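One-letter residues, chain by chain:
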Amino acid sequence: MRTTWLILLAMVLAGIAMYYLANRKKPLAPFDSISIINTPDSIRQKLRLYVAYDPAEVTFRDSAWFEHDSIPLKEISLRNTPNSFDKNYQKATFFLDYDHRYFYDIEVQKPAPDAAYELSFAVDNALDTFRIQGIINDPERDQLRLTGPMMQMYQAFVLTYNSKMPPRTDSTDDAPPATPASRTITVVKK
């Protein structure tokens, strides 16, 4: 009789443990995810996404993106919806490229490298201007919504993030330094 009660008690405990494990809140995905939403297929097919980790300068030359030391930027495939990629970064800049004619850059800074972000973008063409709308969602904190036009690209140009460049020291100028623009685009070849 005791054996029956022990088996019954073991089965009840196993059932409680399985119920607890099945209803436990799932941990965040181990990867960031990115998706293109509400975008016509004719535009989606020509979109490419590149990433640079905390760049000071990025160069576009002859249909390719490079960091300042001529290392090609990593391309993130947008063929799957949503797409997952490594999340072990704290600062990154994403470059959304439409047919090497227009681009949009998004700087992302996380509070911790192990935070998982969900990025989603929508691109539309209204009045001959490509516009982007995006959401950067941190499931544990908040979300950031962004919108704006995509910038026209040239055959070769350099995109400089001025806040990441060393400050200029001109000893001949006594005037206080002006606040530089957040980024500068230098056209090398039209």
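Basis of the calculations
Residues numbered from 1 in each chain as written. Predicted model: local features only at pLDDT ≥ 70, side-chain atom pairs only at ≥ 80, totals over all residues. Heavy atoms only, no water. Core = buried A, V, L, I, M, F, W, Y, C linked by side-chain atoms within 4.5 Å. Buried < 20%, exposed > 50% of the residue type's maximum accessible area, 1.4 Å probe, protein only. Helix = DSSP H or I, 4+ residues; strand = E, 2+ residues; numbered from the N terminus. Salt bridge = Lys/Arg side-chain N within 4 Å of Asp/Glu carboxyl O. Expected span 1.5 Å × (residues − 1). Pairing = 2+ DSSP bridges.

Draft legend 1. Geometry of the nonpolar core. Counting residues in each nonpolar core, the largest one holds 27 residues, and the members touching the most others are Leu47, Phe94, Leu96, Leu119, Phe121 and Val123. Breaking this core down by element, the ones donating at least two residues are strand 1 (32–36), strand 2 (47–52), strand 7 (91–98), strand 8 (102–109), strand 9 (118–126) and strand 10 (129–137). Phe60, Trp65, Phe103 and Tyr161 belong to the second-largest nonpolar core, a separate cluster that totals twelve residues.

Draft legend 2. Representation of unusual backbone geometry in the model. Unusually for a residue other than glycine, aspartate 62 sits at a positive phi of about 50 degrees. In this fold, aspartate 62 is placed in the loop between strand 3 (57–61) and strand 4 (64–67). With a relative accessible area of 52%, aspartate 62 lands in the exposed category. The residue aspartate 99 is not glycine, and still its phi comes out positive at about 55 degrees. With respect to the secondary-structure elements, aspartate 99 resides in the loop between strand 7 and strand 8.

Draft legend 3. Structural view of the pattern of salt bridges. Under the criterion given, the structure shown has five salt bridges. Across the pair aspartate 41 and arginine 44 runs a salt bridge, and its minimum N-O distance is 3.8 Å. Remark: arginine 44 and aspartate 41 occur in helix 2 (residues 41–44); sequence separation between them is three residues, near one turn of the helix. For aspartate 99, the salt bridge goes to arginine 101, with nearest N and O atoms at 3.9 Å.

Draft legend 4. Structural detail: helix 1 (residues 2–23). Counted at 1.5 Å a residue, the expected span for helix 1 with its 22 residues is 32 Å, and the 32 Å between its end C-alpha atoms agrees. In terms of residue burial, helix 1 counts as a barely covered element, since only zero of its 22 residues are buried.

Draft legend 5. Representation of the pairing of strand 3 in the model. Note: strand 3 against strand 13 (residues 156–161), five bridges, orientation antiparallel. When the bridges of strand 13 are listed, arginine 61 appears paired with alanine 156. For strand 3 and strand 4, the ladder comprises four bridges, and the chain directions are antiparallel. By the bridge assignment for strand 4, phenylalanine 60 is matched with tryptophan 65. With antiparallel pairing between neighbouring strands as the criterion, strand 3 and strand 4 make up a hairpin whose turn holds two residues, including aspartate 62 at a positive phi of roughly 50 degrees.

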